[in-house]
Amino acid sequence: MAEKVSIIVPTFHEAENLPHLLQRISATLDSSKIDWEVIVVDDNSQDETVQVCESLAQTHPLTLIVRTKERGLASAVVAGMKAAQSEFLLCIDADLSHPPEAIPSMIESFSDGKTDFVIGSRYVEGGSTDDDWGVFRWLNSIIATGLAKPLTSAKDPMAGFFALRRSDFQAAYETLDPVGYKIGLELIVKCYCQKVAEVPIHFSDRQFGESKLSFKEQLNYLKHLSKLYDFKWPEATRFFRFGMVGFSGVFINLAALAVLLEFSMLAPVAMAVAIWIAMSWNFLLNREVTFHDRTTTNIGSEYVRFCMASLTGAALNWSVATLLWTTVPMFADSPTIAGLVGIVAGMFANFTLCRRFVFFAKEQNETPQQQESLKKERSRFSAGS
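Before going into details, it helps to say that this report is about the structure given with it. (Residues numbered from 1 in each chain as written. Predicted model: local features only at pLDDT ≥ 70, side-chain atom pairs only at ≥ 80, totals over all residues. Heavy atoms only, no water.)

The next subject is the pairing of strand S7 (residues 162-165). Here S7 shows no split at all, with Phe 162 and Leu 164 on one side and Ala 163 and Arg 165 on the other all buried. When strand S4 (residues 88-91) meets S7, the two strands line up antiparallel, connected through four bridges. In the sheet register, Cys 91 faces S7, and the bridge partner there is Phe 162. Alignment of strand S5 (residues 117-121) against S7, held across three bridges, turns out to be antiparallel. In the strand pairing of S7, Ile 119 is matched with Phe 162. (Buried < 20%, exposed > 50% of the residue type's maximum accessible area, 1.4 Å probe, protein only. Helix = DSSP H or I, 4+ residues; strand = E, 2+ residues; numbered from the N terminus. Pairing = 2+ DSSP bridges.)

Structure (structure tokens):
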């Protein structure tokens, strides 16, 4: 039985490229055992895309979707995949940078029954790019790929030429939140793809039209990465942000103290006020950055609970550091190390209290049993306070 593949082509001002792309797809697949269709998803280009697609549809299995209320390559790919009906879904750029001649090899990679995702890769053995890539373009690619390494072992996770099973896409569809243009990485992570195969390709520079890559899209990529890290390691990334907020609070504390002392405030009072300013800073920043998905409208109550949690963490910090310094021989001559251990212990305690008793708005993935358990713990905490 022939394999069936839906080829998703996101477009914006790509009318010149589409006839050349369809010609090469047809020449490659019509002689193979692969049944195919092309779904062009256009972001209301206002060029000749509609007319070109209407003409191509007379001789090729092509469907055009024109979006007028949404834009973006990643969301266009998702829209095309949602409309597709074939067993395999394949994404390819319209600018002729990806060789359609590699499609049969990419679909063949699924025949082992274990492969979840296939990339047309520039960076595996046999892969290549055009020779005129400048230093900036190479550096941009290397940095972007490096930032994605913790999320996947693929050598070219940024590629826009990839394929996956429709069943895997459907299973993860509700979790997809595409930002920018790197939808392949999003699918690898959220479809829980364990085995990613990479087929070597030659990546060519576009022949017609202009590149859509911009500084804004690069910023979107960083935003996208942050979301994917949150998805894969939600508590670890939350704790990292919590630590960064706490680190920034140190500088706020010192700056506030310097200013207050400059105005001749008594040192003990200035220290207390500076600590309060830093604590308030940490609260606001944690509310917006670390626990933005768990806040309530009752900011006053959250602030009081945050101050209580911070004081508890500070007390544990002092207690652990003092206990180690005064009772453990190896720390007797190293009060700084004892203090560092105390800081870590206090930060973990503060984070745990913030997560469970300060910012505890109901999360969508909490079960009723988890919600009831947290409610009981919060009641005990409030009673004890």
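Next comes the rest of the account.
For the pair helix H1 (residues 18-29) and helix H2 (residues 49-56), the least separation of the axes is 10 Å and the interaxial angle reads 25 degrees. Between H1 and H2, the angle is such that the two are roughly parallel. As H1 runs across H2, the sense of the crossing is right-handed. Each of Leu 18, Pro 19 and Leu 22 in H1 lies in contact with H2, whose residues at this interface are Thr 49, Val 52, Cys 53 and Leu 56. Of the residues assigned to the contact of H1 with H2, the class counts are six nonpolar, one polar and no charged. (Axes fitted to C-alpha atoms, helices over the stretch in contact; angles between N-to-C directions. Parallel < 35°, antiparallel > 145°, perpendicular 65-115°, else oblique. Left-handed = near helix turned anticlockwise from the far one by under 90°. Contact = heavy atoms within 4.5 Å. Nonpolar A, V, L, I, M, F, W, Y, C, P; charged D, E, K, R; others polar.)

For the rest of this paragraph, the subject is helix H11 (residues 299-327). Between its first and last C-alpha, H11 extends 41 Å over 29 residues, near the 42 Å set by a 1.5 Å rise per residue. The elements touched by buried residues of H11 are helix H10 (267-290), helix H12 (329-332) and helix H13 (335-358). (Expected span 1.5 Å × (residues − 1).)

Secondary-structure assignment places Asn 17 in the loop between strand S1 (3-11) and H1. A residue is classified by how much of its surface remains accessible, and Asn 17, at 1% relative accessible area, is buried. Here Glu 14 takes part through its side chain, which lies 2.6 Å from a polar atom of the side chain of Asn 17. (Polar contact = N/O pair within 3.5 Å; in protein donor to acceptor, adjacent residues only side chain to side chain.)

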